[in-house]
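One letter stands for each residue in the lines below.
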2 protein chains.
Amino acid sequence: MVKIAVDGMGGDYAPHAIVKGAELAYKEGLADIVLLGNEGVMKPLMANPSGIEIVHTSDNVDMDESPSVALRKKRDSSMNKAFELLREDKVQGVVTAGNSGAAMAFAIFTLGRFQFVERPAIATLNPNVKGGISILLDAGGNVDCKPAHLAQFAVMGDAFARSVLGIDAPRIGILSNASEVTKGNDLTREAHVIVKGLGLNYVGYVEGMDMYKGNVDVVVTDGFVGNVALKVSEGVAEVLMTFFKENIGKGLKSKIGYFFLKDVFKELKRRIDFSEYGGAPLLGVDGVCVICHGRSDEKAIKNAIGMAKGFVEKGLNDSIKEKMQGFQLLQRIKEK
Amino acid sequence: MVKIAVDGMGGDYAPHAIVKGAELAYKEGLADIVLLGNEGVMKPLMANPSGIEIVHTSDNVDMDESPSVALRKKRDSSMNKAFELLREDKVQGVVTAGNSGAAMAFAIFTLGRFQFVERPAIATLNPNVKGGISILLDAGGNVDCKPAHLAQFAVMGDAFARSVLGIDAPRIGILSNASEVTKGNDLTREAHVIVKGLGLNYVGYVEGMDMYKGNVDVVVTDGFVGNVALKVSEGVAEVLMTFFKENIGKGLKSKIGYFFLKDVFKELKRRIDFSEYGGAPLLGVDGVCVICHGRSDEKAIKNAIGMAKGFVEKGLNDSIKEKMQGFQLLQRIKEK
């Protein structure tokens with residue numbers, strides 16, 4: 001059975017939502033679980049016996065703490081101790097809903113990066129209208145990227161789409177302001193030239209719409225742009241739902257309409273709800289790591305644990321490692 | 001009566017949609033109109049008498065033509081001739097649905113920029129949940145901006161929100177990946193320092209969601225990021241609508257639901273439909289110019305003409321000019 005270390009103290013609703021999510025995952029037989037955190041706080045929240053192993057830790061990373069400060073002062077935190085268990089091969093994956101910048105810093109520090117990966121990237125899974133999933137990376141904190149970083153993201157995204165999504169020749173695109181290669185900015189234009197030479201199924205520049213339309217499997221972008229794009233998406237979805245709710249409440253006719261359309265709304269909510277996906281994989285570090293939304297509830301945590309287990313079973317990290325090593329070109333770019 | 005020059009040959013549905021939109025605007029008394037383009041092609045599409053003045057031009061800018069090529073070779077195009085009429089004070093504004101890069105190039109070349117404006121910007125008007133409008137600039141082609149450019153966008157956006165939207169102290173924000181000032185990238189961090197010193201009602205970093213929630217009136221960003229953000233928004237809205245349509249068709253219950261909710265859907269469509277807004281103002285050039293979506297239909301053109309007329313009557317450009325001159329700081333930044 002795959003064993004996952006769960007950071008019990010990270011997230012807006014920790015430790016309660018984390019403990020409950022871990023118990024749900026265990027009960028459903030998704031994975032064996034080690035829960036890290038303050039035993040005195042977590043234990044009273046748990047079933048007895050719960051079947052989940054607890055490793056007591058004395059410190060937590062705060063949600064708004066600077067990653068560099070956390071890295072210096074919080075080595076004994078539940079978050080870092082989870083990564084240490086993974087490094088020592090006592091677990092096969094880590095799930096945390098804590099401070100994502102700190103999670104990235106600890107993952108790099110404690111697990112290390114794969115060869116040729118300068119910057120690990122957070123990949124988000126986005127449902128598209130064709131019923132599939134398109135991934136976008138980096139959605140994390142890699143702002144001010146260099147062209148070679150984007151090329152590395154492309155290779156890692158390719159490995160992810162092959163090993164986890166089971167796509168034979170993933171379509172890779174660079175997120176841009178228009179599809180013509182004369183458009184883009186300095187970064188995308190240089191990255192375009194590099195990625196074109198990598199031997200991937202590179203489809204060129206894509207726009208945000210292509211991701212949701214399912215015209216591309218892997219969307220590569222700078223972490224600043226990726227993050228802005230995702231937050232704008234959330235904003236639009238939220239506004240549309242608010243609009244429906246407000247207008248639906250307005251008259252009897254609308255109320256009747258809502259009654260009949262309830263199932264459609266429910267399905268929509270399920271599809272765009274991040275908690276259904278659980279979390280976002282951190283790619284490029286030497287170990288499976290799933291980073292969850294700070295607002296994760298128990299369902300999101302449970303699904304993130306299932307996700308981590310899936311990544312372990314599908315050999316995600318071996319395929320990234322192998323793929324990165326195969327790209328001698330990347331090394332040459334790096335040496336430039 | 002305000003007189004507007006309309007580029008009859010620009011846009012995916014030109015000249016038909018343009019001619020019809022111009023006629024509608026004239027019939028509704030929005031403005032006097034000069035239509036520029038091939039008389040032999042446009043005249044048969046028009047009512048007789050139509051009341052609209054035609055200025056025959058012999059050349060057109062193609063939708064996918066490079067702006068620099070257009071600038072060299074298409075001086076006699078319907079697009080540039082419209083800007084020339086404006087420069088000669090024969091009209092008070094220009095509306096075009098043609099190649100937006102070329103429109104920007106001709107506007108700069110023929111009309112000139114205001115003092116202290118290095119890069120004119122396209123501002124989009126975005127409906128928010130509070131029933132108001134938030135503007136985003138630059139949504140055009142200003143990729144790879146410098147911090148001083150963003151500061152200039154902030155000042156122009158402030159002038160727009162005051163003079164056109166009638167907001168006393170417009171809330172100005174810089175689009176970023178998070179609200180904390182420690183986040184952002186090199187560009188936003190430097191721009192943040194400059195904009196903070198401009199004496200505007202600057203609210204700091206904002207996220208895409210804030211625009212749709214109505215927490216900010218003016219969102220300032222690099223044209224690459226702004227364009228990506230807008231296209232992602234369109235994508236999400238389109239996907240959600242597709243989802244509704246597909247699921248609604250599935251069963252009798254859903255069909256009944258749709259019948260009762262029809263008005264809500266209609267209102268939603270009206271709110272997110274760009275043709276309701278008409279177009280996007282180009283700010284920073286010496287003359288009122290509204291750039292329309294390439295896919296504009298006659299309603300969009302009509303509304304864009306009404307928009308241009310409104311900008312003229314509200315003295316938009318005088319207020320931008322004045323505001324820019326007032327900011328001596330900007331000059332100092334520029335001189336650095």
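Residues numbered from 1 in each chain as written. Chains lettered and ligands numbered in written order. Predicted model: local features only at pLDDT ≥ 70, side-chain atom pairs only at ≥ 80, totals over all residues.

Chemist: Help me out: how do you make sense of the relation of the copies chain B and chain A in this one?
Modeler: Both copies of the chain are placed relative to one another by a rotation about an axis and a shift along it. Once chain B is rotated about the relating axis by 180 degrees and shifted along it by 0.0 Å, it coincides with chain A to within an RMSD of 0.1 Å. Taken together, these values place the two copies in the relation of a two-fold axis. Proximity to the rotation axis, assessed at the C-alpha, singles out B:Gly257 in chain B; its C-alpha lies 1.9 Å from the axis. Most of the interface of chain B is mirrored in chain A, where 100% of its interface residues again form contacts. (Least-squares fit on C-alpha atoms with pLDDT ≥ 70 in both. Contact = placed C-beta atoms within 7 Å.)

Chemist: How should the domain arrangement of chain A be read in this particular structure?
Modeler: All names here are of chain A. When cut into domains, chain A gives domain 1 (1-117 + 284-314) and domain 2 (126-274). Distance between the C-alpha centres of domain 1 and domain 2: 26 Å. Residue-level contacts link 11 residues of domain 1 with 7 residues of domain 2. When residues of the side of domain 1 that touches domain 2 are traced back to their parent elements, those giving at least two are helix H5 (100-111) and helix H11 (298-313). Residues that form the side of domain 1 that touches domain 2 fall into these classes: 5 nonpolar, 5 polar and 1 charged. (Domains from an automatic or database assignment. Helix = DSSP H or I, 4+ residues; strand = E, 2+ residues; numbered from the N terminus. Nonpolar A, V, L, I, M, F, W, Y, C, P; charged D, E, K, R; others polar.)

Chemist: What am I meant to see in the environment of A:Gly184 here?
Modeler: All names here are of chain A. Structurally, the position occupied by glycine 184 is in the loop between strand E8 (171-175) and helix H7 (186-196). Taking the C-alpha atoms as reference, glycine 184 lies 34 Å from glycine 287; in sequence the two are 103 residues apart. Dropping the residues within four chain positions of it, glycine 184 is found in contact with Ser176, Asn177, Arg189, His192 and Tyr205.

Chemist: Teacher, can you tell me more about the pairing of strand E11 (residues 288-291) of chain B here?
Modeler: Sheet faces and side chains relate simply in a regular strand, where the side chains alternate between the two faces. All names here are of chain B. Covered by surrounding structure in E11 are Val288 and Val290 together with Cys289 and Ile291, the residues of both alternating faces. Two strands pair when backbone bridges link them, and strand E4 (residues 93-96) and E11 are joined in this way by 4 bridges, in the parallel orientation. The residue of E11 that forms the bridge with valine 94 is cysteine 289. Bridge count between strand E10 (residues 280-283) and E11: 2 bridges; the pairing is antiparallel. Each bridged residue has a counterpart across the sheet, and for proline 281 the counterpart in E11 is valine 290. Between E10 and E11, which pair antiparallel one after the other, the connecting turn spans 4 residues, and glycine 284 there sits at a positive phi close to 110 degrees. (Buried ≥ 20, exposed ≤ 12 C-beta atoms within 10 Å, placed from the backbone. Pairing = 2+ DSSP bridges.)

Chemist: In this structure, what is going on with the sheet that holds strand E3 (residues 53-56) of chain A? I would like to understand it.
Modeler: To summarise the sheet geometry, strands pair through backbone hydrogen bonds and adopt either a parallel or an antiparallel arrangement. All names here are of chain A. An order of E3-E2-E1-E4-E12-E11-E5 is seen for the 7 strands of this open sheet, with the pairing classed as mixed. On the outer flanks of this sheet lie E3 and strand E5 (121-122), each paired with one strand and no other. Two strands pair when backbone bridges link them, and strand E1 (residues 3-7) and strand E2 (residues 32-37) are joined in this way by 5 bridges, in the parallel orientation. Each residue of the ladder has a partner; that of alanine 5, found in E2, is valine 34. Running over the sheet, helix H1 (residues 16-27) touches E1 and E2 and is turned about 170 degrees from E2. (Axes fitted to C-alpha atoms, helices over the stretch in contact; angles between N-to-C directions.)

Chemist: I keep staring at the interface of chain B and chain A and nothing clicks. Help me out?
Modeler: Many authors give the size of an interface as the accessible area that is lost as the parts come together. The partner chain A presents 42 residues to the 42 residues of chain B that form the contact. Taken together, the elements giving at least two residues each to the side of chain B that touches chain A come down to helix H8 (208-213), helix H9 (223-248) and helix H10 (252-272) of chain B. The element that contributes the greatest number of residues to the side of chain B that touches chain A is H9(B), accounting for 20 residues. Of the residues in the side of chain B that touches chain A, the class split is 24 nonpolar, 10 polar and 8 charged.

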